[in-house]
Amino acid sequence: GTQEPLLPEKGQPQANFLLEDGDTRTQATVAQQYVDVLTLINECLQMDGGDPRCRGLLEDEGVCLELLRILPDWEKVDTQGELTLERELAMQLFEGKCRLVVNVTRAGWTRGRAFSEIAYRFHKAFDAKTVSEVDKFFPDVEGSYVDPCDWVLRLQTMAFTEMFDSIPQDMRSTTEQIEKLSKSKADLGLELFRPDVELQAVIDGADSVMKSRQLAIKCDLKCCEMPHRDATQALRTVLSSFCENLVLRPNFQQKSEVQRTLGFLLSDGEVWRLDKVDFRLEDGGDVESWIPTGNVGLMSKFLVADGDKLITVMPLDDATFTFHLSQVKEIEKPRQLAQGMQNGWPSHDTNMLKLLSSWVDSTMQAMSQQQQEAGGLLTKFQEFRRTIEGDAVTAIDEQVAQLVHYRRSTVQPAHCECLAWFRELEGTAKVEQITASRATHFRYLEEYEEIHERYRKYLETRVTRMFQWSDTVREKIEKTDGNMADAMKHLRQETNDYWAALENTVTEEAMRQQREAEKKQRLAQEEQEKAAKEAEEAQKQAEEQRKHIEENMQRFRQETQQTFVVVELSGQEKEVADTAEEEARSQYTELQEKRRALLATGGKMEGETRELHEALEAQAKVAESAAKRAKAAEERLNEAGQQHSELLEQLTQFQQSCLDEENALKLRLQQAGRASDEAKKRIQDLELEVAGARKANQDLKDQLSAKAKE
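Conventions adopted
Residues numbered from 1 in each chain as written. Predicted model: local features only at pLDDT ≥ 70, side-chain atom pairs only at ≥ 80, totals over all residues. Heavy atoms only, no water. Helix = DSSP H or I, 4+ residues; strand = E, 2+ residues; numbered from the N terminus. Buried < 20%, exposed > 50% of the residue type's maximum accessible area, 1.4 Å probe, protein only. Contact = heavy atoms within 4.5 Å. Salt bridge = Lys/Arg side-chain N within 4 Å of Asp/Glu carboxyl O. Phe/Tyr/Trp six-rings, centres within 6.5 Å; stacked < 30°, edge-to-face > 60°. Pairing = 2+ DSSP bridges. Patch = residues over 30% accessible without salt bridge, like charges linked within 9 Å, V, L, I, M, F, W, Y side chains within 5 Å. Areas by Shrake-Rupley, 256 points an atom, 1.4 Å probe, with all protein chains shown as cover. Axes fitted to C-alpha atoms, helices over the stretch in contact; angles between N-to-C directions. pLDDT = per-residue confidence, 0-100. Lys, Arg positive; Asp, Glu negative; His and termini not counted. Charge placed at Lys NZ, Arg CZ, Asp CG, Glu CD. Left-handed = near helix turned anticlockwise from the far one by under 90°. Core = buried A, V, L, I, M, F, W, Y, C linked by side-chain atoms within 4.5 Å.

## Some thoughts on the overall build of the protein
Part 1 of the reasoning: Within the protein one finds 19 helices and 6 strands.
Part 2 of the reasoning: Counting every position in the protein, which comprises 710 residues, the buried fraction comes to 41%.
Part 3 of the reasoning: Contacts in the protein between residues far apart in sequence, at least 24 positions, make up 74% of those at least 6 positions apart.

Shown next as structure tokens:
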């Protein structure tokens, strides 16, 4: 308090919020009221949504000086106490102090150079501290992921960055003007950003941010140590603090509770993403892990709506949740690319990005050269810049590689999954299959082109704006954009060549198939004619065979009839012979009797005897001749019977062979009929195939003609 107008004189009203005699409030209560007053003023002075009448009051220097009176000094934010509440309130006081100074200077610099003196007083009242000095007021807490010292350094750095951005552009557009901002009052400067104080504090905070870059932490929410209602509310607050891309962004009301629940400090501009959630339902129980894909699924995984309130889907009495968080870079590749992707590529305005956008090399160099030993500030600053640029270039390469992989697996004709089944056909695909596959492939190609163009626009607008201070990144963007344009052109050409070659092949194949179909049709017609001719010849042969069989049957009938006649005649002759033989025998017997009678009477007349003897001999010859004739007739009868049997057997065999031949002829006629029907059916199928081939060929010609017109 040595600079007289800077701090109030003794005897003047003090807004130091210290306990007086007889005050029954606790120190924590007073500190909380102090925080509430700073919060109220900051909300009124917010540039976005704040009351313009409140900001207009800052044109009065007296109002600004009154605001200086309530700025907490480092003694009031000392956290040597052991109570967690006191430490948290002290840090909230410092955060409120930073916000108040930023809001006042941001609104005050709208007055231009007239605000220079008030700005100087606020810079002095801010009383920037380097890392060694901050550590005395905010010692590190053992086991914490973000130590209070680092947290304060980062708040201080970002406060000075925003205070520098608030200075009108016409007061920092030249090297001389920038040097004046860092020069002391004795050297006719504004003494706002001294190299050994404010700039050193900026570099210390940036160094703290860079050391924790890509830090991964685990935060436990032990619901088992809370009342059920408090555990449910704490879980709901934490889950609702994650935005759509699973980045932890609690609002002003949630921030304090989230910090207290998860046990680590959050700074504006630090981007923490949720990677995984582990939970177990009892001590020593199995741990279940779950990787979320969005904040909607995150909330519904553990909480469900029951009327107007949310209830947990599992008992929380013994539950412990572990949230795995990691700091993300300015740009990074998405977890996966998908058709119709809407969220785009992740990009984050981190503290380092804001710092590098404000404190460019020329500014840092112009300010730091006021001090001989400040060259190290510029060196560190350039190291930070090269690291951020290198990470950005690497991220762009990873994004492009991811896009290339997606292009290869989705739309590149030789490798894409949508044509995998089509490539397995190995050139045997039909025209309708080619048409359907081509339409599907071009639909995927259009969707990829949309993603491709969206990414180019993302680089051209979003990333270029983020890294407008970096020649390295902008050159990388220009080179990548050119390569992507060439790649897209090559992909379109490759796709057109692929389908054109396939369509040409299909056209030649269609013509070949048409020729083959016509040839098959001719052969089928020839086969049909041959089958018809064979059927006609077989029918003719069958008719001739039938006639031949009828003639043979007639001949056999005649021969059989003749045989019957011969047999009948032979039987008649035998009967005559038998009758003659019997008559001869009878006459012979009578003659013998007469002879015996004559011999018994002593022989009568010799003449009668001779006559009788002669008659007897003649009759014996007649009987012998009749016997011979009967025997010959019997032999002829036997021979005729044998011939008849043979003829009957031959007739039976002939009838059987005729029946077999008739059946064979019927079978041949049936086969010829079936062959004729099959030939007709084949001709019909081939006619349809030829018509289809001609139509497909004509459709393909029409498509090629239409494509050529396009």
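This is not the end of the story, as more comes after the structure.
## Digging into the pattern of salt bridges
Part 1 of the reasoning: This structure, assessed with the given rule, holds 20 salt bridges.
Part 2 of the reasoning: The partner of arginine 213 in a salt bridge is aspartate 391, and the shortest N-O contact between them spans 2.8 Å. Taken together, the residues span a long stretch of sequence, with arginine 213 in the loop between α9 (195–211) and β1 (216–222) and aspartate 391 in helix α15 (residues 375–410) at a distance of 178 residues.
Part 3 of the reasoning: Of the residues examined, arginine 213 reaches a relative accessible area of 18% and is grouped as buried.
Part 4 of the reasoning: Taking the shortest distance from any N to any O, the salt bridge between arginine 474 and aspartate 471 comes out at 2.2 Å. Residue arginine 474 and its partner aspartate 471 are both found in helix α18 (residues 471–601); the two are separated by 3 residues, about one turn of the helix.
Part 5 of the reasoning: For arginine 474, a relative accessible area of 27% corresponds to the partly exposed category.
Part 6 of the reasoning: Since its relative accessible area comes to 45%, aspartate 471 is described here as partly exposed.
Part 7 of the reasoning: One network of salt bridges, with partners in common, ties together Arg213, Lys329, Glu330 and Asp391.

## A look at helix α13 (residues 351–358)
Part 1 of the reasoning: The buried fraction of α13 is high, at 6 of 8 residues.
Part 2 of the reasoning: Listing the buried residues of α13 in full gives Asn351, Met352, Leu353, Leu355, Leu356 and Ser358.

## A short note on the packing of aromatic side chains
The geometry of two aromatic rings is summed up by the distance between their centres and the angle between their planes.
Part 1 of the reasoning: What the rule picks out here adds up to 15 aromatic pairs.
Part 2 of the reasoning: Centroid distance phenylalanine 279 to phenylalanine 321: 6.2 Å. Interplanar angle 35°. Geometry classified as tilted. With a gap of 42 residues between them, phenylalanine 279 in strand β2 (residues 272–280) and phenylalanine 321 in strand β6 (residues 320–327) connect regions that are remote in the sequence.
Part 3 of the reasoning: Taken together, the ring pairs connect Phe94, Phe126, Phe160, Phe164, Phe193 and Trp359 into an aromatic cluster.

## Comments concerning the pairing of β6
Part 1 of the reasoning: By the criterion of burial, β6 is predominantly enclosed, with 8 of the 8 residues buried.
Part 2 of the reasoning: Where β1 and β6 come together, 7 bridges link them in antiparallel fashion. Its bridge partner lying in β6, aspartate 220 is registered against threonine 322.
Part 3 of the reasoning: In the sheet, β2 pairs with β6 via 8 bridges, with the strands oriented antiparallel. Looking at the pairing, arginine 273 lines up with serine 326 of β6.

## Observations concerning a nonpolar patch on the surface
Part 1 of the reasoning: Judged by side-chain polarity, Val304, Ile311 and Val313 come together as a nonpolar surface patch covering roughly 190 Å² of accessible area.
Part 2 of the reasoning: With respect to the helices and strands, the residue isoleucine 311 is situated in strand β5 (residues 309–312).

## Observations concerning the sheet that holds β2
Part 1 of the reasoning: In spatial order, the strands read β1-β6-β2-β3; together these 4 strands make up an open sheet with antiparallel pairing. Strands at the two margins of the open sheet, each flanked by one partner only, are β1 and β3 (288–290). Sheet twist, expressed as the average angle between the axes of neighbouring strands with direction ignored, equals 25°.
Part 2 of the reasoning: Sheet strands touched by helix α10 (residues 228–240): β1 and β6. Its angle to β6, the strand with the most contacts, is close to 20°.

## A short note on the confidence of the model for the protein
Part 1 of the reasoning: Confidence along the protein averages 77 in pLDDT terms, with 79% of residues attaining 70 or more.
Part 2 of the reasoning: No element of the protein has a lower mean pLDDT than helix α2 (residues 52–56), which averages 69, and none a higher one than α15, which averages 90.
Part 3 of the reasoning: Contacts of residues 1–19 to residues separated by more than four positions or lying in other chains number 26 contacts, the stretch itself having pLDDT below 50.

## Here's the deal with a negative patch on the surface
Part 1 of the reasoning: Where like charges cluster on the molecular surface, the negative patch consists of Glu575, Asp578, Glu582, Glu583, Glu634, Glu635 and Glu639.
Part 2 of the reasoning: Broken down by secondary-structure element, the contributors of at least two residues to the negative patch are α18 and α19 (606–709).
Part 3 of the reasoning: Of the residues forming the negative patch, the biggest block, 4 residues, is contributed by α18.
Part 4 of the reasoning: Position of glutamate 582 among the secondary structure elements: in helix α18.

## Focus on the environment of glutamine 525
Part 1 of the reasoning: By secondary structure assignment, the location of glutamine 525 is in helix α18.
Part 2 of the reasoning: By relative accessible area, which is 33% here, glutamine 525 ends up partly exposed.
Part 3 of the reasoning: In the structure, glutamine 525 is positioned 157 residues away from arginine 682 in sequence and 9.0 Å away in space, judged by C-alpha atoms.

## Digging into the packing of helix α7 (residues 148–166) against α13
Part 1 of the reasoning: Put simply, α7 and α13 touch, their axes get as near as 10 Å, and they point 35° apart. Between α7 and α13 the crossing geometry is left-handed. Facing Thr157, Met158, Thr161, Phe164 and Asp165 of α7, the residues of α13 in contact are Asn351, Lys354, Leu355 and Ser358.

## Comments concerning unusual backbone geometry
The bulk of non-glycine residues show a negative phi, and the bulk of peptide bonds are trans.
Part 1 of the reasoning: Despite not being glycine, aspartate 127 has its phi angle at roughly 60°, a positive value.
Part 2 of the reasoning: Of note in this structure, glutamate 191 is not a glycine but carries a positive phi near 55°.
Part 3 of the reasoning: Here glutamate 191 shows up in the loop between α8 (175–182) and α9.
Part 4 of the reasoning: Relative accessible area serves as the criterion here: at 12%, glutamate 191 is assigned to the buried category.

## Looking at the nonpolar core
Part 1 of the reasoning: Among the nonpolar cores identified, the biggest contains 96 residues, and Phe122, Leu192, Phe193, Trp359 and Phe467 are the most heavily contacted of them.
Part 2 of the reasoning: Contacts of phenylalanine 122, omitting those with residues within four sequence positions, involve Cys64, Leu67, Leu68, Leu71, Val101, Val104 and Thr105.
Part 3 of the reasoning: Counting residues in each nonpolar core, the second largest holds 30 residues, with Cys219, Ala231, Leu262 and Phe323 among its members.

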